[in-house]
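Results of the structural survey
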Amino acid sequence: MQHSTLMLKIKISPRSLSMFLIKTWRATAFGVYGYLNFTRNGFLEHAKNFKEEDMQKRIEGKNCIVTGANSGIGYATAEGLALRGATVYMVCRSKERGEAALSSIQSKTGNPNIHLEVCDLSSVNDIKSFTSRFSSKDVPVHVLVNNAGSLEQNRVVTPEGFETNFAVNVLGTYTMTELMLPLLEKAAPDARVITVSSGGMYSVPLTTDLQFSSGKFDGVEQYARNKRVQVALTEKWSEMYKEKAIGFYSMHPGWAETPGVTKSLPSFSERFAGKLRTSEEGADTVVWLALQPKEKLVPGAFYFDRAEAPKHLKFAATGGSHTAVDSIVANLRSMANLPPLN
Ligand SMILES: NC(=O)c1ccc[n+]([C@@H]2O[C@H](COP(=O)([O-])OP(=O)(O)OC[C@H]3O[C@@H](n4cnc5c(N)ncnc54)[C@H](OP(=O)(O)O)[C@@H]3O)[C@@H](O)[C@H]2O)c1
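In this report, the structure presented in the accompanying data block is examined. What you see is a predicted model, and the numbers here were worked out from it, not measured in a lab.

1. Here's the deal with the site of the ligand
Contacts to the ligand come from 29 residues, most closely from Gly68, Gly72, Gly149, Thr258 and Gly260. Class assignment of the residues belonging to the shell around the ligand gives a composition of 11 nonpolar, 15 polar and 3 charged.

2. Focus on the sheet that holds strand 7 (residues 302–304)
Taken together, the 8 strands give an open sheet; going across it, the order is 3-2-1-4-5-6-7-8, and neighbouring strands pair in mixed fashion. Each edge of the open sheet is held by one strand with a lone partner, namely strand 3 (114–118) and strand 8 (307–309). The mean inter-strand angle of the sheet, taken between neighbouring strand axes irrespective of direction, is 25 degrees. Pairing of strand 1 (residues 63–67) with strand 2 (residues 87–92) involves 5 bridges; the strand directions are parallel. Bridging across to strand 2, Cys64 finds its partner in Val88.

3. Remarks on helix 7 (residues 164–187)
For helix 7, which comprises 24 residues, the first-to-last C-alpha distance of 32 Å matches the rise-based estimate of 34 Å (1.5 Å per residue) to within 8%. Where helix 7 bends most, the angle comes to about 55 degrees, and this point is Leu181, followed within four residues by the proline Pro182.

4. Looking at the packing of helix 8 (residues 219–240) against helix 12 (residues 325–335)
The geometry of helix 8 relative to helix 12 is characterised by a closest axis approach of 10 Å and an angle of 95 degrees between their N-to-C directions. Between helix 8 and helix 12, the angle falls in the class roughly perpendicular. Across the interface between the two elements, Val229, Ala232, Leu233 and Lys236 of helix 8 pack against Val325, Ile328 and Val329 of helix 12. Grouping the amino acids of the contact of helix 8 with helix 12 by side-chain chemistry returns 6 nonpolar, no polar and 1 charged.

5. Quick word on the nonpolar core
Ranked by size, the top nonpolar core spans 84 residues in total, and within it Cys64, Val88 and Met90 carry the most contacts. Of the residues forming this core, the biggest block, 10 residues, is contributed by helix 7. Contacts of Val88, omitting those with residues within four sequence positions, involve Cys64, Val66, Ala78, Leu81, Ala82, Asn113 and Ile114.

Rules used throughout
All chains use their own residue numbering, which begins from 1 and follows the written sequence. pLDDT decides what is reported in this predicted model: residues at 70 or higher carry local features, side-chain atom pairs at 80 or more are listed and counted, and totals for whole chains, interfaces and linings draw on all residues regardless. Residues are counted as near a molecule or strand when the C-beta atom, derived from backbone positions, lies within 6 Å of that molecule or strand. Put simply, Ala, Val, Leu, Ile, Met, Phe, Trp, Tyr, Cys and Pro go in the nonpolar bin, Asp, Glu, Lys and Arg in the charged bin, and everything else, Gly too, in the polar bin. Strand pairing is defined by DSSP finding a minimum of two bridges between the two strands. Every helix listed is a DSSP run of H or I at least four residues long, and every strand listed is a run of E at least two residues long, numbered separately from the N terminus. For helices, the fitted line uses only the C-alpha atoms of the stretch in contact; every axis is such a line through C-alpha atoms, and the angle between N-to-C directions lies from 0 to 180 degrees. Multiplying 1.5 Å by the helix residue count minus one yields the expected span of that helix. The bend at a residue is defined as the angle formed between two axes, one fitted to the seven residues ending at that residue and one fitted to the seven starting there. The cut-offs work like this: below 35 degrees is roughly parallel, past 145 is roughly antiparallel, 65 to 115 is roughly perpendicular, and the gaps in between are oblique. Residue pairs are scored as contacts if the distance between their C-beta atoms, which are placed from the backbone, is within 7 Å. Take the buried Ala, Val, Leu, Ile, Met, Phe, Trp, Tyr and Cys residues, join any whose C-beta atoms are within 7 Å, and the set you get is a nonpolar core. Think of it as a crowd count around each C-beta: if 20 or more other C-beta atoms lie within 10 Å the residue is buried, if 12 or fewer it is exposed, and in between it is partly exposed, with C-beta placed from the backbone throughout.

As C-alpha cells, then:
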C-alpha cells in the first residue's frame, strides 16, 4: 500500500503533470491550427486575399541565393525567382541533382542567369569555403533564402561532430547568413534574408539544448526545436543588424508535398495524401517576401501565406523562451569558430 502510494506520488508530481498538460495542449493546438491553415485548403482560402500585382514585379539584375534549390520548396523558389528575371545561385550538396534542377529551371523559364554552387550545409568548413569562393565574385547579394532543411529521425552525427538536423537547420543557416553579411550589405537597403522555418516550431519553446543532448532523441522534436531557433535568430539578426539595412524575415510554407516530406514523414504524407500543398504553394510566401518593397515588411517577423503570423500559439507557454537567444548565438559562434560579438 505504502509502495503504491509512493509510485502514485512520483507519477503525478505537480511539475510533471503541468509539463504533460502543456505538451498535450501544444500538440493539440498545433494539430488543429495546422489542419485548418497549413493544408492545401488553407492555402486556397488564404489565397482569396492575395493581390495578383504583388507577384508581377520583375527583378532583373538582383542576385538571389537559394539553398537546397534542387528539390521541393527550394526548387520552386529558385524557379519563381528565375521566372521574374533574377540571377539565381542554387546552392546544392549534390552536383548531379543540382545540374539536373538547374537545366530544368533554365528550360522552363528561359532565364540563362542561373548558376550552381555545390556546398554541403551540414559542414561549417564547406560553408566557409563556399562563402569565401563566392565572396571573391564581389557581387551584391539582394536575397539569401535559407531553405535547405533536414529531418533525420535518428541521431546521426556529422564528421565535424554535430547532430545532423542541428548542423543543417541551425548551425549551417547561422554560418551561411553571418558570412554573407558583407555581400548583403553591398545590396542594402534592398537586401534581405528569408529563412524557411516550419509551423512545427509552434509545438516547442526555444531551448539551449541545441543538439538534443539530454533525454531520448526524437528527430521530429529536434526538427521543431531547430525551426524555433531559426525564428528567434531572425528576430535577433534584425535587432543586431538594424544599422546595416538588411531585412531579416522567417516564414513557414504550411504543409507541402515534397520529396523531403515523403521521405522523412511517410505516415504523415500518407494520412494527408491529396490534402497537402504543392511545392509552388509552399514557396509562394518565400517568393512574395523576395519581391515586396521592404517598407511593406515587418523586420524580424514570421510570415505565412503573405501575411505576418504569430510566433507563439495561445496558452502554449513558449513566449518567454526567446530570451535564451543571446546564449545560443554565443554558442553558435563558438561552434562555427567565428569571432565573439563585442
Ligand atoms: N514541405 C513541407 O511541408 C515543409 C513544412 C515546413 C517547413 N518546410 C521546410 O522547407 C524547407 C524545404 O523542405 P522541402 O519540404 O522542400 O524538402 P526537400 O524536398 O527535401 O528539400 C530540401 C532541400 O534541402 C537540401 N539539403 C538537405 N540537407 C542538405 C545539406 N546538408 N546541404 C545542402 N543541401 C541540403 C536537399 O538536398 P538533397 O536533395 O541533396 O537532399 C533539398 O534540396 C526545409 O527547410 C523544411 O524544413 C517544409
